[in-house]
Amino acid sequence: SEAQLRINGTTVMINGLSGKIGDGLFDGWASVDFASKPLVKVDLNFRQLDIATAAAPAAPQGTQPAWSVEPIELAGLNYVDAQVRLSASELNIGSAHFAPVALEASLASGLLKGAVSNLGAYGGQATGSFDIDVASDKPVYAIRSDLIGVRALPLLSAAADFDKLDGKLQAKIDVRSTGQSQQAIMSNLQGNVTANFRDGAIRGLNVAQMIRSLTSGTLSGWQESQEKTTDLTQLSASFRLDKGQATTTDLNLIGPLVKMTGNGMIDVGAKTLGLRVEPKLVMTTEGQGRSGDPVGLGIP
């Protein structure tokens, strides 16, 4: 890396800062004021910023890996104040890709506040903010985010290894939690989440075909297959979170050949779910506008 260093009283100025982190080039400036508690100011622009993520612990076949119980060490945030601006033409977090990215954050008295704008995410955009308060013994986290027109399949596949939903995603997230490990944070989540998928598909299942099959026999299991899909015009739900449990009463799917409603609970901390859905077959392909089209066949 290269930089021009200048000292003015208790302040160290680092101008013309440039260098390379991994494969990513950056430039910008930084300063540190040692008058009392160190105050760090950083403004960096990355061509490409790669952030590695820890691999999930091994889990028995057929089960989800548990959240980590390793303590997250954040106490050091109490010993420095900071003002940070980061921008990147491309940001890679593990296998998730975003471009471009603009982040502003401040750290004062153990409270880290940040905002993300101009975030390009899989054909759509995202904005959001986060607060992390480590001044007390139990860190407090808050996240607010809006996703608009994001391709759900590549995002969910990269971020959560979930490849069952495709479509354009709009979502609002407003959650908070406390805890000193992943397990504690996920088990203490509170807040609200709404999600709306449009013009896509559920991959691996053909709900309309499952309903029709009941006219000639019984089904064993979910009849899951990589070749099957359920086309959807809209799939929406809102969730209220309390102590890591997300409850919904308005799960709703509308598609060319099937309509489905549902309710239930997803336990984020335990990585389990209990949902009851009520599918109805649409007898014509003229759409959902005719109230007489859906026929319920009693297979919750």
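All of these numbers come straight from a predicted model, not from anything done at the bench. (Residues numbered from 1 in each chain as written. Predicted model: local features only at pLDDT ≥ 70, side-chain atom pairs only at ≥ 80, totals over all residues. Heavy atoms only, no water.)

Novice: Please give an account of the overall build of the protein chain that cites residues and values.
Specialist: Counting its secondary structure elements, the protein chain contains three helices and 19 strands. Each of the 300 residues in the protein chain was classed as buried or not, and the buried ones make up 32%. For the protein chain, the share of sequence-separated contacts (at least 6 apart) that also reach a separation of at least 24 residues comes to 45%. A total of about 17,600 Å² of accessible surface is found on the protein chain, and carbon and sulfur atoms cover 55% of it. (Helix = DSSP H or I, 4+ residues; strand = E, 2+ residues; numbered from the N terminus. Buried < 20%, exposed > 50% of the residue type's maximum accessible area, 1.4 Å probe, protein only. Contact = heavy atoms within 4.5 Å. Areas by Shrake-Rupley, 256 points an atom, 1.4 Å probe, with all protein chains shown as cover.)

Novice: An account of helix 1 (residues 152-160) is requested, with residue identities and associated values reported.
Specialist: Buried within helix 1 are the following residues: A152, L153 and L155. Down the axis, helix 1 shows its buried residues gathered within 170 degrees of arc, on one side only. Phi turns positive one or two residues past the end of helix 1, at D161, with a value near 55 degrees. (Arc of directions from axis to C-beta.)

Novice: Break down the sheet that holds strand 5 (residues 49-51) for me, with residues and values.
Specialist: The mixed open sheet is built from three strands, whose spatial order is 5-7-8. The sheet terminates laterally at strand 5 and strand 8 (96-98), the two strands that pair on one side only. In this sheet, neighbouring strand axes are inclined to one another by 15 degrees on average, regardless of whether the strands run parallel or antiparallel. Pairing of strand 7 (residues 91-93) with strand 8 involves three bridges; the strand directions are antiparallel. Bridging across to strand 8, N92 finds its partner in H97. (Pairing = 2+ DSSP bridges. Axes fitted to C-alpha atoms, helices over the stretch in contact; angles between N-to-C directions.)

Novice: I'd love a proper account of the confidence of the model for the protein chain, names of residues and values included.
Specialist: Mean pLDDT for the protein chain: 87, with 86% of residues reaching 70 or above. Across residues 287-292, confidence stays below pLDDT 50; counting only partners more than four residues off in sequence or on other chains, it has nine contacts. (pLDDT = per-residue confidence, 0-100.)

Novice: Which residues make up the side chain of D166, and what values do they have?
Specialist: Here D166 shows up in strand 13 (residues 165-178). Polar contacts involving the side chain of D166 include one to the side chain of R151, which spans 3.4 Å. In this structure D166 touches R151, A152, L153, G200, A201 and R203, once residues within four positions along its chain are discounted. (Polar contact = N/O pair within 3.5 Å; in protein donor to acceptor, adjacent residues only side chain to side chain.)

Novice: Talk me through the layout of surface pockets; I want residue IDs and the actual numbers.
Specialist: Counted as a void, the second largest pocket has a volume near 180 Å³. Residue lining of the second largest pocket: P71, I72, E73, L74, A75, N78, V134, A135, S136, D137, P139 and Q180, and that is the complete set. For the lining of the second largest pocket, the class distribution of residues is seven nonpolar, three polar and two charged. (1 Å grid on protein atoms, 1.4 Å probe; cavity = no way out; pocket = protein on both sides within 12 Å on 5 of 7 lines; lining within 4 Å. Points joined across faces, edges and corners; volume = space filled by probe spheres on them. Nonpolar A, V, L, I, M, F, W, Y, C, P; charged D, E, K, R; others polar.)

Novice: Any details on the nonpolar core? Residues and values, ideally.
Specialist: Ranked by internal contacts, the top residues of the largest apolar core, which has 41 residues, are F98, L169 and F197. Here the element with the most residues in this core is strand 15 (residues 229-242); it accounts for five residues. Those residues in contact with F197 that lie beyond four places of it in its chain are A152, L156, L165, K168, L169, L232, T233, Q234 and L235. Residues L74, A82, L112 and I185 belong to the second largest nonpolar core, which totals nine residues. (Core = buried A, V, L, I, M, F, W, Y, C linked by side-chain atoms within 4.5 Å.)

Novice: Please provide a residue-by-residue account of the side chain of T230, values included.
Specialist: Within the fold, T230 resides in strand 15. Judged by relative accessible area, which is 4%, T230 ranks as buried. At 2.7 Å, the side chain of T230 and the backbone oxygen of L205 are in polar contact. Filtering out sequence-adjacent residues up to four positions away, T230 remains in contact with G200, A201, I202, L205, N206, V207 and V258.

Novice: Lay out the pattern of salt bridges with the relevant residues and their values.
Specialist: All chains considered together, the criterion is met by nine salt bridges. Here K37 ties to D81 by a salt bridge, and the two come within 3.5 Å at their closest N and O atoms. Of this pair, K37 sits in the loop between strand 3 (24-33) and strand 4 (39-46) while D81 sits in strand 6 (residues 81-88), placing them 44 residues apart in sequence. Given a relative accessible area of 32%, K37 falls into the partly exposed group. Looking at D81, the relative accessible area reads 18%, which means it is buried. Residues joined in a network through salt bridges with shared partners are D43, R85 and E104. (Salt bridge = Lys/Arg side-chain N within 4 Å of Asp/Glu carboxyl O.)

Novice: Go over the packing of aromatic side chains with me, naming the residues and quoting the values.
Specialist: Using the criterion set out here, one finds two aromatic pairs in the structure. Look at F26 and F46: their rings are 5.4 Å apart centre to centre, the planes differ by 40 degrees, and that puts the pair in the tilted class. Of this pair, F26 sits in strand 3 while F46 sits in strand 4, and the two are 20 residues apart along the sequence. Using a relative accessible area of 11% as the deciding quantity, one classes F26 as buried. Ring plane angle 75 degrees and centroid distance 6.2 Å describe the contact between F98 and Y122, whose orientation is recorded as edge-to-face. Placement of the pair is F98 in strand 8 and Y122 in the loop between strand 10 (111-121) and strand 11 (124-133), with a sequence separation of 24 residues. Taken individually, F98 and Y122 each receive the classification buried, so the pair is uniform in this respect. (Phe/Tyr/Trp six-rings, centres within 6.5 Å; stacked < 30°, edge-to-face > 60°.)

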